[in-house]
Structure formats: structure tokens, C-alpha cells
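# Tertiary structure, described
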Amino acid sequence: MWLQVIILTLFGTVLLCSCVECMNHCYLQLLELLFAYTARQLEATRSRRKRNKSQKVPQPKPSELKAQQKDALNERMEQCCELLADGLRLVLDDEVTTRFAAAAPPPGEWNLLTRNLRHRHRQLNWQLRLLWLLGILWRYLLLVPLRTVGCASCLLLLTLVTGVLGHLPEWSFKRRLVHLALRPCFRLTMMCIPVVRCVHNLEQRPRMGICVCNHTSPLDVLVLMCDVHYSLTGQRHDGILGLIQRALARASPHLWFERRALGDRESLGLVLRLHAAGCGRPPILLFPEGTCINNTAVMQFKKGSFAICNVVYPVAVLYDRRFGDAFWDSTRCSMMRYILHVISSWSIKCDIWYLPAVRRHLNESPIEFANRAKAVIAAQAGIEDLAWDGNLKRWNPVRDW
């Protein structure tokens, strides 16, 4: 009886996912039309204000001209101060710390979100202000409650399914059953947020070994688990994320560790080496950066992930910030606040590229191997390739650096 209930539930979930996926794509097309309209309105407002400003330029009076001539020295001093300020701004806005904060929206566009209203406040006409107000009512009064109920239901479904699968013996078909059972759960969760995926080169998705990917948020795991059931590794968490980790660990082998515990990391390397060498095991999903980056760059890959295997399968994930920012700053934002940030966005759109396997060259060090895989991911996603350590987000640099 339990088997029949599970089969009927999975079949209904697959049908529901297909319907919701079509609706999300139509919803995304409507949003693109809305953003194109806001871009035209912003451009028209800027042009009109420039014309009005040029027409209302007052002619200076003789007394003002004389005062300007006397203040020539002050003007030169102001220019020097501006140059000094620009130099200090370049020092402060370096290429590292800017990767640990939400990236600015694309220039000339506005996605009507509340959190970036201050960037466009002076350029809004009454049409855009009305659209912004209607957008708040639409997102917070309709989308947020619906998505909250949907995500809670999916979390309950995932907990129940993993609880049933966890009691099955370790037979040969268990991996296949876990893949068939959990994939619809992840797809349904993804569509409740909603996350709209564009997958490229699906035939190159990993079947075994080690898969490495750039890291932006916990959503990376969600969008990738919709195609392949991975063995996950990562920082052990509490709260909702910890509940999901414990639920997944009941059904399949996952490896959670403490980032600051050196003993855990050393034992993790040994377990990963044994897992990658075994037959019939799911591929391992690794995020070698070790922390979330705001999807504008790929930062240093830790060499430990590339010292245990000679073949890795890179995956590039790129989010479209026009609809909502998926970046999670775990040092400033709790998981609950991040979930609210995500479900109150218009949508989360991402592109996924499964890339050809990267093989380690003869006499190539793990660091060189890691840099080559990182360069492949950065080139495919069209983001910067940086050599800095992503852990600078949490810890101060070593004095010797």
C-alpha cells in the first residue's frame, strides 16, 4: 500500500511540475515586457529632465562672475580633493570585497523591487510609482503567502519521502529509487519559489566522480539536484537548512562538516577519495570556493577538491539579476531572512551549463588543475576569474599576505 501511495504521489508531482513550469515561463515573458516598459519610461524621464535643465540655465550676474574669479584657488583645491576622493574610493572598492555584497542592478533598468527603490527614486514618474505600488501588493499579498505554503509543503514532502527511503536496505536499486523519488520533490520546490532554469548541454551531466561548480547561494544545490542526484558536501548548519541536511542524509550518503574543524576536513578528504573510487555511487557535488560569491566572479578553488581525483566535471551557474538577486551573504543575513528575500522577488532565473570533463595533465599540480577548471567555468558563465580566497569574507587576511 505504501508503495502505491508513493508511486501515485510521484506521478501527480510530475504532472504538477509540468504545468507549473509552463506557467513560470509565461510569467517570465510578461515580466520581461514589464521591465522593457520601465526602461523606456526611465529613459524618457531622464531625457525630459535634461531638456528642462538645459532650458532653465540662468545667466550669471556680474557680481557672481567677479566672485567666481576670486574663488579660482578654491576651485583648484576642490579639484584636488575630488582626485584624492577618487583615489581613496578605488582603494576601498577593490575587486575582492565587492564580490561579497549584492551586485548593483544592470544600468538603465529597474525591476520594481522595494529594496532598490532608492536607486531610482528621483527618476520615477507617476506611472512607475503606480506600477511599483501594484508590484508590492502583488508580491507580498499574493506571491509570498502562496510561495510560503508551497515551500513548506515541499519541505514536508521531502522529509516524508526521505524518511521512507531511509528505512530501505542498501540494495543495488536503492540509488535509482532515491533518484526517481527525490528529483520530482526538488523540481516542485524549485517551481514554488519560483526558479526558472535554462539548461545547456544536458547530455554532459555527470554520472559519477566529482562535479565542481561556482557557488552563489543554497539554490545552487536545488537547481542542480533537479537533473542529477548528487552526494552533497558542505558546512553543517542549524535551523531550516540543518533540517534539510538531516533529511537528505537519511536517504543517501552526504558529507557535512565544520569549516573551522581541521580534523573534519582531513577525514572528509579521505572519505571523498574512497567515494569517488567506488563503483555505483552517485557523483559528488563540490563548491571549491567554500563560500557564496555574488555571481559576478569565480574566486579561488581550494586545491583539496582536485587532489583526490584526476577527472572533474565542471558546471557553470549564472543567475539573471533582472528578476531577483539569488546571492546569499551568510555573514549578514540569516537563512529565514534570505528565504523571505527570495520568495518576495519576482522570480529567480538561472542558466546552467554542463561542461566537458576536465582531466588532470601529467605532472600537473592540484593548484594548477583547480585554476584550469575555474577558468573554464568563468569563461562559460562570462564572469571574472579571480585568484583571491573567498574566505576573506569571514576572516581577515594573514599578515604575511
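Please refer to the structure placed before this passage.
A separate point is the overall build of the protein. Within the protein one finds 11 helices and 10 strands. Burial status across the protein gives 42% buried among its 401 residues. At a minimum sequence separation of 6, the contacts of the protein that also span at least 24 residues come to 78%. Taken as a whole, the protein presents about 22,700 Å² of accessible surface, with 62% of it coming from carbon and sulfur.

This paragraph deals with the packing of aromatic side chains. Aromatic ring pairs: the centre-centre distance and the angle between the two ring planes describe each pair. Scanning the entire structure with this criterion turns up four aromatic pairs. Here phenylalanine 301 and phenylalanine 306 contribute two aromatic rings whose centre-to-centre distance is 6.0 Å and whose plane-to-plane angle is 15°, an arrangement assigned as stacked. You'll find phenylalanine 301 and phenylalanine 306 in the same group, each marked buried. Its end group placed over the ring of tryptophan 346, arginine 139 keeps NZ or CZ at 5.5 Å from the ring centre.

In this structure the tally under the stated criterion is zero disulfides. No disulfide involves cysteine 350; its sulfur sits 7.5 Å from the nearest other cysteine sulfur, which is in cysteine 198. A relative accessible area of 0% places cysteine 350 in the buried class.

This brings us to the packing of helix α5 (residues 126-165) against helix α10 (residues 335-343). Where α5 contacts α10, the two axes come as close as 9 Å, and the packing angle between them is 125°. The pairing of α5 with α10 is recorded here as oblique in orientation. Note that α5 runs across α10; the crossing there is right-handed. Residues Val144, Arg147 and Thr148 of α5 lie in contact with α10, whose contacting residues are Leu340, Val342 and Ile343. Looking at the contact of α5 with α10 residue by residue, the classes come out as four nonpolar, one polar and one charged.

So, how was this worked out
Residues numbered from 1 in each chain as written. Predicted model: local features only at pLDDT ≥ 70, side-chain atom pairs only at ≥ 80, totals over all residues. Heavy atoms only, no water. Helix = DSSP H or I, 4+ residues; strand = E, 2+ residues; numbered from the N terminus. Buried < 20%, exposed > 50% of the residue type's maximum accessible area, 1.4 Å probe, protein only. Contact = heavy atoms within 4.5 Å. Areas by Shrake-Rupley, 256 points an atom, 1.4 Å probe, with all protein chains shown as cover. Phe/Tyr/Trp six-rings, centres within 6.5 Å; stacked < 30°, edge-to-face > 60°. Lys NZ or Arg CZ within 6 Å of the ring centre and 35° of its normal. Disulfide = S-S within 2.5 Å. Axes fitted to C-alpha atoms, helices over the stretch in contact; angles between N-to-C directions. Parallel < 35°, antiparallel > 145°, perpendicular 65-115°, else oblique. Left-handed = near helix turned anticlockwise from the far one by under 90°. Nonpolar A, V, L, I, M, F, W, Y, C, P; charged D, E, K, R; others polar.

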